[in-house]
Amino acid sequence: MDITGKIAIVTGAGQGIGKAISLRLANAGADVAILDLNLQSAETAARDIETIGRQAIPIQTDVSKSKDVDAAVRSTLAEFGRIDILVNNAGIAGRTLPLTDLHESDWDEVIAVNLSGVFLCCKAVIGTMIAQDYGRIVNIASIAGKEGNPTMIPYSVSKAGVICLTKALAKEVTEYNIRVNAVSPAVIETPIMDGMAQSTIDYMVSKIPLGRIGKPEEVAAVVNFLASDEASFVTGQCYDVSGGRATY
């Protein structure tokens, strides 16, 4: 799954799954633009990548804002000259509450980051990928987008949208040697869990046949495959990293 010489953008890459993906891609030979809302985290991740001999640039980015996304893409192109891989990982869980206790602002915030952010990032890079006749896009969805988690309605809906966006975009760009796929993790040990109710975490783990929480590195390994030319005949797919939870 070698990707030596490729240029990758990873969003939400300052910690958790995003950082694990960035390190995995760098170890496979890519240089990486680290996009994160937290600039300090992005800078730390970039330094970690540089210690393994690859180039990395940290870019503070709010993926829900088109001006931020467009500026990050321009900075990446100015630094590296091309963009081969986009991994849309940035996401938030939102408040874990029943529908009766949610506000419109809860819905808007989660959809803006998790779904609109993926749309904006794909839109910002797709022209470059078409022009160079090459691209790999991997969108991080969630098993919640397939099955729906109670008390996580905005999150579940946003991730279902990511899966559908993936499938639709994949069909649009097949003629340009661009592959678009999604990865749907079950609950993974990351800081995003800090804001979840323990009852929600217990519910999610109870649905996993392997009986444990997943690791960021296990998600990153699947992303590495989908970002490589080993996955040349794979597009419009949703790969589950769920410990057996997925039922379809």
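Above this text you will find the structure in question.
Since this is a predicted model, take the numbers as computed values, not measurements.

A. Broad picture of the packing of aromatic side chains. Applying the stated criterion across every chain yields a total of one aromatic pair. Centroid distance Phe 225 to Tyr 239: 6.1 Å. Interplanar angle 50 degrees. Geometry classified as tilted. Linking Phe 225 in helix H8 (residues 216-227) with Tyr 239 in strand S7 (residues 238-241), this pair joins segments that are 14 residues apart in sequence. Directly above the ring of Tyr 134 sits Lys 6, whose terminal nitrogen or CZ lies 4.2 Å from the centroid.

B. Here's a closer look at the nonpolar core. Ile 9, Leu 86, Val 125 and Ile 137 are the most contacted members of the largest nonpolar core, which has 35 residues in total. Secondary-structure elements contributing two or more residues to this core are strand S1 (7-11), strand S2 (31-36), strand S3 (56-60), helix H3 (66-80), helix H4 (104-132), helix H6 (153-172) and strand S6 (178-185). Among the elements that take part in this core, H4 stands out by supplying nine residues, more than any other. Other than its neighbours up to four places away in sequence, Ile 137 contacts Leu 86, Asn 88, Cys 122, Val 125, Ile 126, Met 129, Leu 169, Arg 179, Val 180 and Asn 181. Formed by 32 residues, the second largest nonpolar core is a distinct cluster that contains Ile 34, Ala 45, Ala 46 and Val 138.

C. Spatial organisation of the packing of helix H1 (residues 16-27) against helix H2 (residues 39-50). At their nearest, the axes of H1 and H2 sit 10 Å apart, and the two run at 25 degrees to each other. Put simply, H1 runs roughly parallel to H2. Where H1 crosses over H2, the handedness of that crossing is right-handed. Contacts from Lys 19, Ser 22, Leu 23 and Ala 26 of H1 reach H2 at Thr 44, Ala 45, Asp 48 and Ile 49. When the residues that make up the contact of H1 with H2 are grouped by side-chain class, the tally is four nonpolar, two polar and two charged.

D. Main features of the pattern of salt bridges. Applying the stated rule across the entire model yields ten salt bridges. Linking Lys 146 and Asp 240 is a salt bridge whose minimum nitrogen-to-oxygen distance equals 3.0 Å. Highlighted residues: Lys 146 in helix H5 (residues 144-147) and Asp 240 in strand S7, separated in sequence by 94 residues. Assessed through its relative accessible area of 30%, Asp 240 is described here as partly exposed. The partner of Arg 212 in a salt bridge is Glu 218, and the shortest N-O contact between them spans 2.7 Å. When its relative accessible area of 37% is taken as the criterion, Arg 212 is described as partly exposed.

E. Just the side chain of Thr 96, in detail. For Thr 96, the location among the structural elements is in the loop between strand S4 (85-88) and H4. The class of Thr 96 is buried, set by a relative accessible area of 13%. Once you skip the residues sitting within four places of it in the chain, Thr 96 turns out to touch Thr 151, Met 152, Gly 195, Met 196, Ala 197 and Thr 200.

F. Region of the structure containing the sheet that holds S1. Judged by pairing direction, the sheet is parallel, and its seven strands sit side by side in the order S3-S2-S1-S4-S5-S6-S7 without closing on themselves. Each edge of the open sheet carries a strand with a single partner, namely S3 and S7. For this sheet, the mean angle separating the axes of adjacent strands, direction not counted, is 15 degrees. Where S6 and S7 come together, four bridges link them in parallel fashion. Its bridge partner being in S7, Ser 184 is matched across the sheet by Asp 240. The strands that H4 touches are S1, S4, strand S5 (135-140) and S6; relative to S4, the one it contacts most, it runs at about 175 degrees.

About the cut-offs
- Residues numbered from 1 in each chain as written.
- Predicted model: local features only at pLDDT ≥ 70, side-chain atom pairs only at ≥ 80, totals over all residues.
- Heavy atoms only, no water.
- Phe/Tyr/Trp six-rings, centres within 6.5 Å; stacked < 30°, edge-to-face > 60°.
- Helix = DSSP H or I, 4+ residues; strand = E, 2+ residues; numbered from the N terminus.
- Lys NZ or Arg CZ within 6 Å of the ring centre and 35° of its normal.
- Core = buried A, V, L, I, M, F, W, Y, C linked by side-chain atoms within 4.5 Å.
- Buried < 20%, exposed > 50% of the residue type's maximum accessible area, 1.4 Å probe, protein only.
- Contact = heavy atoms within 4.5 Å.
- Axes fitted to C-alpha atoms, helices over the stretch in contact; angles between N-to-C directions.
- Parallel < 35°, antiparallel > 145°, perpendicular 65-115°, else oblique.
- Left-handed = near helix turned anticlockwise from the far one by under 90°.
- Nonpolar A, V, L, I, M, F, W, Y, C, P; charged D, E, K, R; others polar.
- Salt bridge = Lys/Arg side-chain N within 4 Å of Asp/Glu carboxyl O.
- Pairing = 2+ DSSP bridges.

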